[in-house]
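Tertiary structure, described
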Amino acid sequence: MATDILMPQLGESIAEGTVVTWLIALGDTIEKDQPLLEVETDKVALEIPAPATGTLTEILVPQGDTVPVGTLLARLDSQPSAGVVNRVGGVVVKPVEQSSGTGEHFSPAVRRLAKEHGVDLSKVTGSGDGGRVTKKDVLEFVGAMETIASAPATPKGERIVPLTQMRKTIAERMVSSRRSAAHVATFFEADFSGIVRFREGRELTFPPFVVSAVARALLDVPVLNSCWTDAGIVIKQDIDMGIAVALDDGLLVPVLRQADRKGLAQIAKEIGDLANRARKKQLEPDEVQGGTFTITNHGGFGSLFSTPIINQPQAAILGVGAVQKRAVVIHDAIAIRPMCYLSLSFDHRVLDGATADQFMAKAKGYLEQSEWEKLL
């Protein structure tokens, strides 16, 4: 019996998706719920599991193609696999794949795929357990080689890095944001002394404190929690905080819902979970949609200042620099304090500089307050 694999609906506003990678080769078998392919939209990248156990008999949409939701991508033959030799307690038992005796741990399926494409497996970097080369590694290697081979010639010493779908999407959205919004930036500096003292003996990073302080400031200056429309400025009732997460090949912005209603410990827990699943490409589509304000922590690698681009259709984005000890003047005396530069890029169509600075002053005040115990 054949099982159709369709391009799934990955969110209410998503009309199409891109097949990034087929994770198993044509003719190979797969278990139900095992990752079958990786799909990417303009909002999220995630792995699609096999709906049934079977053999991949047809691939109708190759890697790199973008197709509408509901398009037939492939077919699985869900008849029982000939490779199953027994079932014990409901567990499928399969023959153990033997290595070839050459000292390299390549499975027969990997060797067959490499032979089909003329790939030297010694040049492929493995991502499996113990560095084993998987079929996905071989397919990605083949794809990269094909892209490089079809690219125009470059001067000696240069090379072309193929654009991923995520990189293309980020580029399009950033250019669109710069064209549509009237970007302006303002900078403040906050003293993190109280936060540093409170963190002693606790497993808390800086971002949860920033999220908590910014959420409170948005309650005080709600026009920052809004978006521009031709009909007027829409002020959002919920504070759904976008948290920018850097990935190897781009950036995702999962959303922390109703950040103003959560304690510091809950915020820290949810930020950690969202960031972890973002890096593993396990986020659900609705977890990267509907943000009302975004925070980007560019200080993770030591950056002090930044003018981040607004995450449309939001009105503003806050950049958080590195926390570092600096000499500052306090009550006409020089002191050493852990300081942090904060930058706000905002849409001048929605608000003016005075309002932006009022918001930043509120956020700075909440970051420097000493009542974090009450917010834990």
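Residues numbered from 1 in each chain as written. Predicted model: local features only at pLDDT ≥ 70, side-chain atom pairs only at ≥ 80, totals over all residues. Heavy atoms only, no water.

**Here we look at the packing of helix α5 (residues 207-220) against helix α6 (residues 264-279)**
- Look at α5 against α6: their axes get within 9 Å of each other, and the N-to-C directions meet at 120 degrees. Regarding the angle of α5 to α6, the classification is oblique. Considering the relative orientation of α5 and α6, their crossing is right-handed. Of the residues in α6, those touching α5 at P207, P208, F209, V211 and S212 are L264, I267, A268 and I271. (Axes fitted to C-alpha atoms, helices over the stretch in contact; angles between N-to-C directions. Helix = DSSP H or I, 4+ residues; strand = E, 2+ residues; numbered from the N terminus. Parallel < 35°, antiparallel > 145°, perpendicular 65-115°, else oblique. Left-handed = near helix turned anticlockwise from the far one by under 90°. Contact = heavy atoms within 4.5 Å.)

**Some words on the pairing of strand β6 (residues 54-59)**
- Pairing of strand β3 (residues 29-30) with β6 involves 2 bridges; the strand directions are antiparallel. Along β6, the bridge assignment pairs I30 with G54. (Pairing = 2+ DSSP bridges.)

**Remarks on the packing of aromatic side chains**
- Under the definition given, this model contains 5 aromatic pairs.
- Through pairs of rings, three or more aromatic residues link up here, namely F187, F305 and Y341.
- When the ring centre of F206 is taken as reference, the NZ or CZ atom of R199 above it lies at 4.2 Å.
- Above the ring of F198, the side-chain terminus of R202 is found at 4.0 Å from the ring centroid. (Phe/Tyr/Trp six-rings, centres within 6.5 Å; stacked < 30°, edge-to-face > 60°. Lys NZ or Arg CZ within 6 Å of the ring centre and 35° of its normal.)

**A short note on the nonpolar core**
- Judged by nonpolar contacts, the single largest core of 74 residues is most densely connected at L224, M241, F293, L318, L344 and F359.
- Of the residues forming this core, the biggest block, 8 residues, is contributed by α5.
- A25, V119, V124 and V142 belong to the second largest nonpolar core, which has 11 residues in total. (Core = buried A, V, L, I, M, F, W, Y, C linked by side-chain atoms within 4.5 Å. Buried < 20%, exposed > 50% of the residue type's maximum accessible area, 1.4 Å probe, protein only.)

**Observations concerning the sheet that holds β6**
- Read from one edge of the open sheet, 4 strands run β1-β8-β6-β3, paired in antiparallel fashion. Lying at the two open borders of the sheet, with one neighbouring strand each, are β1 (2-6) and β3.
- Examined bridge by bridge, β6 and strand β8 (residues 72-77) share 4 bridges and lie antiparallel to one another. Within β8, the residue paired with I59 across the bridge is A74.

**Some thoughts on the side chain of T294**
- By secondary structure assignment, the location of T294 is in strand β18 (residues 293-296).
- The class for T294 is buried, based on a relative accessible area of 1%.
- Within the local environment of T294, its side chain forms a polar contact with the side chain of N311, the two groups lying 3.4 Å apart.
- In contact with T294, not counting residues within four places along its chain, are G242, V253, N311, Q314, A316, I317 and L318. (Polar contact = N/O pair within 3.5 Å; in protein donor to acceptor, adjacent residues only side chain to side chain.)

It is worth stressing that arrangement in space is one thing and function is another; only the former is reported here.
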